[in-house]
There are 6 protein chains.
Amino acid sequence: MRSDGRQTDQMRPVTIVPDYLKTAEGSVLIEFGNTRVLCAATVEDSVPPFKKNSGEGWVTAEYSMLPRATVTRTPREVSKGRQSGRTLEIQRLIGRSLRAIVDLRKLGERSIIVDCDVLQADGGTRTASITGAMIALGMVANRLLEARMTPAGVLLDSVAAISVGIVDGEPMLDLCYTEDSRADVDMNVVLTGAGRYVELQSTAEQNAFDDQQLQAMIALARKGIGELGTLQRNYFKL
Amino acid sequence: MRSDGRQTDQMRPVTIVPDYLKTAEGSVLIEFGNTRVLCAATVEDSVPPFKKNSGEGWVTAEYSMLPRATVTRTPREVSKGRQSGRTLEIQRLIGRSLRAIVDLRKLGERSIIVDCDVLQADGGTRTASITGAMIALGMVANRLLEARMTPAGVLLDSVAAISVGIVDGEPMLDLCYTEDSRADVDMNVVLTGAGRYVELQSTAEQNAFDDQQLQAMIALARKGIGELGTLQRNYFKL
Amino acid sequence: MRSDGRQTDQMRPVTIVPDYLKTAEGSVLIEFGNTRVLCAATVEDSVPPFKKNSGEGWVTAEYSMLPRATVTRTPREVSKGRQSGRTLEIQRLIGRSLRAIVDLRKLGERSIIVDCDVLQADGGTRTASITGAMIALGMVANRLLEARMTPAGVLLDSVAAISVGIVDGEPMLDLCYTEDSRADVDMNVVLTGAGRYVELQSTAEQNAFDDQQLQAMIALARKGIGELGTLQRNYFKL
Amino acid sequence: MRSDGRQTDQMRPVTIVPDYLKTAEGSVLIEFGNTRVLCAATVEDSVPPFKKNSGEGWVTAEYSMLPRATVTRTPREVSKGRQSGRTLEIQRLIGRSLRAIVDLRKLGERSIIVDCDVLQADGGTRTASITGAMIALGMVANRLLEARMTPAGVLLDSVAAISVGIVDGEPMLDLCYTEDSRADVDMNVVLTGAGRYVELQSTAEQNAFDDQQLQAMIALARKGIGELGTLQRNYFKL
Amino acid sequence: MRSDGRQTDQMRPVTIVPDYLKTAEGSVLIEFGNTRVLCAATVEDSVPPFKKNSGEGWVTAEYSMLPRATVTRTPREVSKGRQSGRTLEIQRLIGRSLRAIVDLRKLGERSIIVDCDVLQADGGTRTASITGAMIALGMVANRLLEARMTPAGVLLDSVAAISVGIVDGEPMLDLCYTEDSRADVDMNVVLTGAGRYVELQSTAEQNAFDDQQLQAMIALARKGIGELGTLQRNYFKL
Amino acid sequence: MRSDGRQTDQMRPVTIVPDYLKTAEGSVLIEFGNTRVLCAATVEDSVPPFKKNSGEGWVTAEYSMLPRATVTRTPREVSKGRQSGRTLEIQRLIGRSLRAIVDLRKLGERSIIVDCDVLQADGGTRTASITGAMIALGMVANRLLEARMTPAGVLLDSVAAISVGIVDGEPMLDLCYTEDSRADVDMNVVLTGAGRYVELQSTAEQNAFDDQQLQAMIALARKGIGELGTLQRNYFKL
């Protein structure tokens, strides 16, 4: 039925390579089907100016796509001298999602930056980034605790994300690029491990939608994020 | 109960000054309480490169705040050489919302740009911008039709937006700045005149939320947007 | 005789709305005919690096036009990443004019920034800005004195400005846009309340001019600035 | 009396090296005392967009200072990514001054760009630039005529400029840097060869000035520009 | 002897993953020890302005490091709005090296862009980039020939590169980061498959060097590049 | 034989004007034939952040070409908002070359910046810049010693540079622009006064080269740099 034979409520295969980088404090190469994102977490002993002397830390994210992540080459953002609105929107979303499950006071006055670099893009790069960034962050949080640099409880919960949409009138889970590009509605859902909403962003790309469609999409997202949470728990402890 | 004495399901007073500018094809000064936005629509006889020779037009928006729209002066974005992520996010949202109710084919190969400049900010600037931009756009669409530059039917519907949130555990309609800054959840809803969703953006600023809270916020938003639609219909015809 | 029926030595009607903004320390909406400028004064407890530890304060201004202040939409300067030469020239002029009548030592180590944002432009935006900025600055200076934050005497005098020019061989006062765009000579004069020169900028746009024309333009400017000074004195005290 | 022993109405020695560059269509190294500016004129067979298909040409100028033109090193403007307001103001002034004496229709659809690069600065760099740029432009105009690329009459007149000011209460001609930096008033005058005003820019740096002082400064400027015109006429013909 | 036990004339292990990306026309993941670079080749049917209507094509390269390629996080270049001098130098070198072995006339008016993105850095990123970019380019050239889009002979030869240096007085092949950072001399050599020089860049970081040391470094480089050429020939044909 | 009648191993005439600027601590106008570069050395009592509290100083260089240094006008780099890759490459080369012969510890925590501005370009601007910058630096070092601001021994040696190349199959010394633009190989050599290599950069612009050609180019460079060293020693002492 779908271009790759999936059921409408079926996720693409997810693969995870932990500690892909020798250079980073924590990293993961995560794949949702052909979407491949490298997430690397950095711990820095400083905080942004608005957190100076607050006793609290900060968690943020950066997002970028390599030029040939896409089937047609996308020029580097540095060539225009600035990040696009899309990039800024996505990295703000990743950062907010991660901060939702971190106790910044227990983190102490340090920053965790998670870089999400898309090596190959086939839809759902922002949700794969959030899901992978959570693993890199979780591994780093566990290591800070082992090294007795933070108390227990820095992680309040975990977080994961998936895209859903309405394609040809049908609600579908985990859209690939060809599905996404002809979807009537595109929705990204970010839930905590406990199943509470962190973010809900739904956009009518072609046709406005009604409450029934909203509920159907939410149900699909809950199913997918449940599966992602099970996978995530192999790589870090709360 | 609320800082300005409103009920939790009560909007702030909305005032509208149509054709505030002699220089623009259509303009409106809109106020939601102390939030004051100048929306001005421009018609240009050209389209962006990706619409060249498509037979279709384009609708877009730009958003900005004057430095003293805020209680503490905010430096101009030009002084950093680029727009912030927040600005880009908002103007992309306004543009998508307007395009959702325009038949770009009937518009023909021309662009409508709606500039939303915030003169004074007290929460809800993005939803006031969408609501005011709709009026400026509607006036311009009516004038294009009167001048026989477009066929009937450029406007498929109208669109309006409101913010809701959860403050001190209580769902509330149309947050002012002091409410917004301590809200647990902040949600912006954009609906068509027919009551279908164009955008739903909900962010847990402090605490993740559950399905019941989601439904309560949606109900408040539907009430507020209904009132805005009644007001809008004084200024243009579908 | 003139497009709007004025005499050659007649100003356009001037209207002033004091404290147009609830958010600013002092603000004014000033109109010279259809030219409408919002001037907002900000007091900051810091000075630029070159004034650090000098015991003196600083006064500066910023100037900008909204995109639809003009009959044809003008793209925002942020889209090019920098302010135009024209903008920089004007805001430097406003700043110098204001500093000419402030005792920076009595102001103490604080800054006053006056933002002049043109909502609608019909010629003379820089002179309306100086005249309006003086009122916003005067109101702020009076309030600093009332609050006993400064001693008396911060304001040494007042300042106001007007444009004059030679159109069709005829010296004229307070040019509107259509007059300005076909003027042979364009001149901006800034005088103190006592009638001394702060700035004199005269440019032959089409034809060089002689001493007699220079004197005629100066006489017109003195008349107009006299009238502006009378108006200004309603809003602040020296 | 003055730091270099000059009379108040005496210019610094002016030296001119024509065709200083082998690479340019016309160039001059001009010195007003220790101020040393290299002016180079370029002819290009294209015009800016606003002159396309107008049948008219364009004349413009660019101005810059080498980092060690000044006694304290001034960082290059490229290091900040943009030209300062001062630079933009000066190059706009030079361009306007040159255009005042060129018949753009006779020039035909081509551009002349005059680059004014200050090798050493000791006050009066903008007036030395205008005076030197006129010579480079004049040489180029003469060569275009000799090569029969333009008809006669491209040059309507010549133009030259000088600074005057009030220092210690005394009107003075051709201020050097130490005089300029403590002047009460700084004034730049640009006159045609026929003695008509092209630009008059007078700024009260310290104290506002009166009509009598204005007349005294104008008289000094007329004397100095007369001497410069005599020198200029050795290098090109009208 | 060396930190990783290698002989002074011994290369690190080299591994190559061809067609690492499904999205690109040709790509390779290449590793020199812990240095890991993703090289992706793009074919575009256009050429830069200076090659328009020349009948010739163009080959160019871009280079970048991910933020966590390094042990300490390196901020993204887009955050400063421009590429560093080091980045520009390296990508110019890669581009020149590739052009040295391509017949641009036979390529026809199309461009090949090779993106070299460093995922993990441990010295020698520029030489690994050149060696990997050659493979991606070679694969693409072979595919253009198979698709009969170009005639035979686009590739004139192959090219490969290695770093050598003098560390503790000893000439060494293929420096890792810790060796490179304390080397007296750092040298990058680019040779064709036929063993001729394309580039030779030698820099005395600490101590100037003499002719004997120059010859010793060249001999080491020839050995290493010979081994790289043998590996490269598995992935494309000349 | 060569376009200007020189032998293949013959330099162009070199002229040197010491202390060309009254404003700089040390400066020189140097000419290699028609290539004319103004080199100005600045001493600043601060060091870059990475040298703070190191007890060591820093030496750096900046390079730029005036727009009409070239036969066709080159737009200013500030107009693009950034320096080109070529400019950055050259100024990094000049800086490294100068640092190779300075004892940064004896210099103390101060910086020397040498600005190299090309007034006229005819090939070899980077090597003329290095050779002239050495003289300006040497003069400044001698003056710091005379003023007892540094101990003896800041200068460890001198440094000079020349370009060589292979033109029409023939190795040639000191290429002018027309030779350089059709050279098969272009090589820049930087040697200390003692004849040791500081930099060796050789690029096959058209044809890869072999060892014999490399040796022939090196021999020519040694001859030329020997002559430059003799000239340099007239202007400063080691």
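Residues numbered from 1 in each chain as written. Chains lettered and ligands numbered in written order. Predicted model: local features only at pLDDT ≥ 70, side-chain atom pairs only at ≥ 80, totals over all residues. Heavy atoms only, no water.

1. Remarks on the overall build of chain A
Then, number 1: Within chain A one finds 5 helices and 9 strands.
Then, number 2: Starting at the N terminus and walking to the C terminus, you meet the elements of chain A as β-β-β-β-α-α-β-α-β-β-α-β-β-α.
Then, number 3: Taken over C-alpha atoms, the radius of gyration comes to 18 Å for chain A, in line with the 18 Å a tight globule of 238 residues would show.
Then, number 4: Across chain A, every contact between residues at least 6 apart in sequence was considered, and the portion connecting residues at least 24 apart equals 69%.
Then, number 5: When the accessible area of chain A is evaluated, it comes to approximately 9100 Å², of which 49% is carbon and sulfur surface.
Then, number 6: Across chain A, 28 positive and 30 negative side-chain charges occur, with their mean positions spaced 5 Å apart. (Helix = DSSP H or I, 4+ residues; strand = E, 2+ residues; numbered from the N terminus. Rg over C-alpha atoms; globule rule 2.2 N^0.38 Å. Contact = heavy atoms within 4.5 Å. Areas by Shrake-Rupley, 256 points an atom, 1.4 Å probe, with all protein chains shown as cover. Lys, Arg positive; Asp, Glu negative; His and termini not counted. Charge placed at Lys NZ, Arg CZ, Asp CG, Glu CD.)

2. Observations regarding the relation of the copies chain D and chain C
Then, number 1: Laying chain D over chain C is done by rotating through 180° and shifting 0.0 Å along the axis; what remains is an RMSD of 0.0 Å. Taken together, the rotation and translation relating the two chain copies correspond to the operation of a two-fold axis. Among all residues of chain D, the one whose C-alpha sits closest to the rotation axis is Gln201(D), at a distance of 2.3 Å.
Then, number 2: Take the interface residues of chain D: 97% of them recur as interface residues in chain C, which is what a same-surface contact looks like. (Least-squares fit on C-alpha atoms with pLDDT ≥ 70 in both.)

3. A closer look at unusual backbone geometry
Then, number 1: Despite not being glycine, Asp174(A) has its phi angle at roughly 60°, a positive value.
Then, number 2: A positive phi is found at Arg148(D), a non-glycine position, where the angle reads about 55°.
Then, number 3: Inspection of the secondary structure puts Arg148(D) in the loop between helix 3 (125-146) and strand 6 (159-167).
Then, number 4: Note on Arg148(D): relative accessible area 76%, which makes it exposed. (Buried < 20%, exposed > 50% of the residue type's maximum accessible area, 1.4 Å probe, protein only.)

4. What to know about the packing of aromatic side chains
Residues and elements named next belong to chain B.
Then, number 1: Within this structure, the stated rule accounts for 12 aromatic pairs over all chains.
Then, number 2: With a centroid separation of 4.9 Å and 90° between ring planes, the pair formed by Phe 50 and Trp 58 is classed as edge-to-face.
Then, number 3: Residue class for Phe 50 comes out exposed when judged on its relative accessible area of 55%.
Then, number 4: Classification of Trp 58 as buried rests on a relative accessible area of 17%.
Then, number 5: Here the guanidinium or amino end of Arg 222 rests over the ring plane of Tyr 197, the centre of that ring lying 5.1 Å away. (Phe/Tyr/Trp six-rings, centres within 6.5 Å; stacked < 30°, edge-to-face > 60°. Lys NZ or Arg CZ within 6 Å of the ring centre and 35° of its normal.)

5. Looking at helix 5 (residues 211-232) of chain F
Then, number 1: The first and last C-alpha atoms of helix 5 of chain F sit 31 Å apart over 22 residues, in line with the 32 Å expected at 1.5 Å per residue.
Then, number 2: The opening residue of helix 5 of chain F, the one whose side-chain oxygen lies 3.2 Å from the backbone nitrogen of Gln212(F), is Asp210(F). (Expected span 1.5 Å × (residues − 1). Polar contact = N/O pair within 3.5 Å; in protein donor to acceptor, adjacent residues only side chain to side chain.)

6. Observations regarding the sheet that holds strand 2 (residues 26-32) of chain D
All names here are of chain D.
Then, number 1: Taken in spatial order, the 5 strands line up as 1-2-3-5-4 in an open sheet, and their pairing is mixed. Two strands lie at the open edges of the sheet, namely strand 1 (14-18) and strand 4 (58-65), each paired on one side alone. Across the sheet, the axes of successive neighbouring strands diverge by a mean angle of 20°, strand direction being ignored.
Then, number 2: As paired strands, strand 2 and strand 3 (residues 35-44) are joined by 7 bridges and run antiparallel to one another. Residue Ile 30 lies in a different strand from strand 3, and its bridge partner there is Val 37.
Then, number 3: The sheet strands contacting helix 3 are strand 1, strand 2, strand 3, strand 4 and strand 5 (111-120), and the helix crosses strand 3 at an angle near 35°. (Pairing = 2+ DSSP bridges. Axes fitted to C-alpha atoms, helices over the stretch in contact; angles between N-to-C directions.)

7. Focus: the interface of chain A and chain E
Then, number 1: The interface is formed by 35 residues belonging to chain A together with 35 residues belonging to chain E.
Then, number 2: Counting the surface lost from both chain A and chain E, the interface buries some 2800 Å², and carbon and sulfur atoms represent 49% of this.
Then, number 3: Inspection of the region where chain A meets chain E yields 12 salt bridges.
Then, number 4: Those elements that provide at least two residues to the side of chain A that touches chain E are strand 3 (35-44), strand 4 (58-65) and strand 5 (111-120) of chain A.
Then, number 5: A class-by-class count of the residues in the side of chain A that touches chain E yields 15 nonpolar, 8 polar and 12 charged. (Buried area = accessible area lost by both parts, 1.4 Å probe. Salt bridge = Lys/Arg side-chain N within 4 Å of Asp/Glu carboxyl O. Nonpolar A, V, L, I, M, F, W, Y, C, P; charged D, E, K, R; others polar.)

8. Some details on the environment of Lys237(F)
Residues and elements named next belong to chain F.
Then, number 1: Position of Lys 237 relative to the elements: it lies in the segment after helix 5.
Then, number 2: We classify Lys 237 as exposed; its relative accessible area is 67%.
Then, number 3: Along the chain, Lys 237 and Leu 155 lie 82 residues apart, while their C-alpha atoms are 8.8 Å from each other.
Then, number 4: Filtering out sequence-adjacent residues up to four positions away, Lys 237 remains in contact with Asn 142 and Leu 155.

9. Description of the arrangement of the chains
Then, number 1: A gap remains between chain A and chain D, with no contact made and the closest C-alpha atoms lying 11 Å from each other.
Then, number 2: Across all C-alpha pairs, the smallest distance from chain C to chain E is 11 Å, and the two are not in contact.

10. Remarks on the interface of chain D and chain C
Then, number 1: Opposite the 29 residues of chain D that make contact, chain C presents 28 residues.
Then, number 2: In this structure, the salt-bridge partner of Arg92(D) is Glu89(C), at a minimum N-O distance of 2.8 Å.
Then, number 3: One can count 18 residue pairs in polar contact (both at pLDDT 80 or more) joining chain D with chain C.
Then, number 4: Looking at the side of chain D that touches chain C, the elements that each hand over two or more residues are helix 1 (85-99), strand 9 (197-204) and helix 5 (211-232) of chain D.
Then, number 5: Residue contributions to the side of chain D that touches chain C peak at 8 residues, all from strand 9 of chain D.
Then, number 6: When its residues are assigned to classes, the side of chain D that touches chain C shows 9 nonpolar, 10 polar and 10 charged.
Then, number 7: Both strand 9 (residues 197-204) of chain C and strand 9 of chain D contribute to a ladder of 5 bridges, which runs antiparallel.

11. Looking at the packing of helix 5 (residues 211-232) of chain A against helix 5 (residues 211-232) of chain B
For any two helices packed against each other, one specifies the crossing angle of their axes together with the interaxial distance.
Then, number 1: Direction vectors running N to C along helix 5 of chain A and helix 5 of chain B enclose 155°, while the axes themselves pass 14 Å from each other. As the angle between them shows, helix 5 of chain A and helix 5 of chain B are arranged roughly antiparallel. Between helix 5 of chain A and helix 5 of chain B lies a crossing whose hand is right-handed. Every residue of helix 5 of chain B that contacts helix 5 of chain A at Asp211(A), Leu214(A), Gln215(A), Ile218(A) and Arg222(A) is listed here: Asp211(B), Leu214(B), Gln215(B), Ile218(B) and Arg222(B). (Parallel < 35°, antiparallel > 145°, perpendicular 65-115°, else oblique. Left-handed = near helix turned anticlockwise from the far one by under 90°.)

12. Let's talk about the pairing of strand 2 (residues 26-32) of chain C
Then, number 1: Counting buried positions along strand 2 of chain C gives 6 out of 7 residues, so the element sits mostly inside the fold.
Then, number 2: Count of turn residues in the strand 2 of chain C/strand 3 (residues 35-44) of chain C antiparallel hairpin: 2 residues, of which Gly33(C) carries a positive phi of about 60°.

13. A look at the sheet that holds strand 2 (residues 26-32) of chain E
Residues and elements named next belong to chain E.
Then, number 1: On the basis of which strands lie adjacent, the open sheet formed by 5 strands has the order 1-2-3-5-4 and mixed pairing. Every interior strand has two partners, whereas the edge strands, strand 1 (14-18) and strand 4 (58-65), have only one. Strand-to-strand twist in this sheet, taken as the mean axis angle between neighbours without regard to direction, amounts to 20°.
Then, number 2: Its contacts with the sheet place helix 1 (residues 85-99) against strand 4 and strand 5 (111-120), and it is angled at close to 145° to strand 4.
Then, number 3: Packing against the sheet, helix 3 (residues 125-146) makes contact with strand 1, strand 2, strand 3 (35-44), strand 4 and strand 5, and its axis sits at approximately 35° to strand 3.

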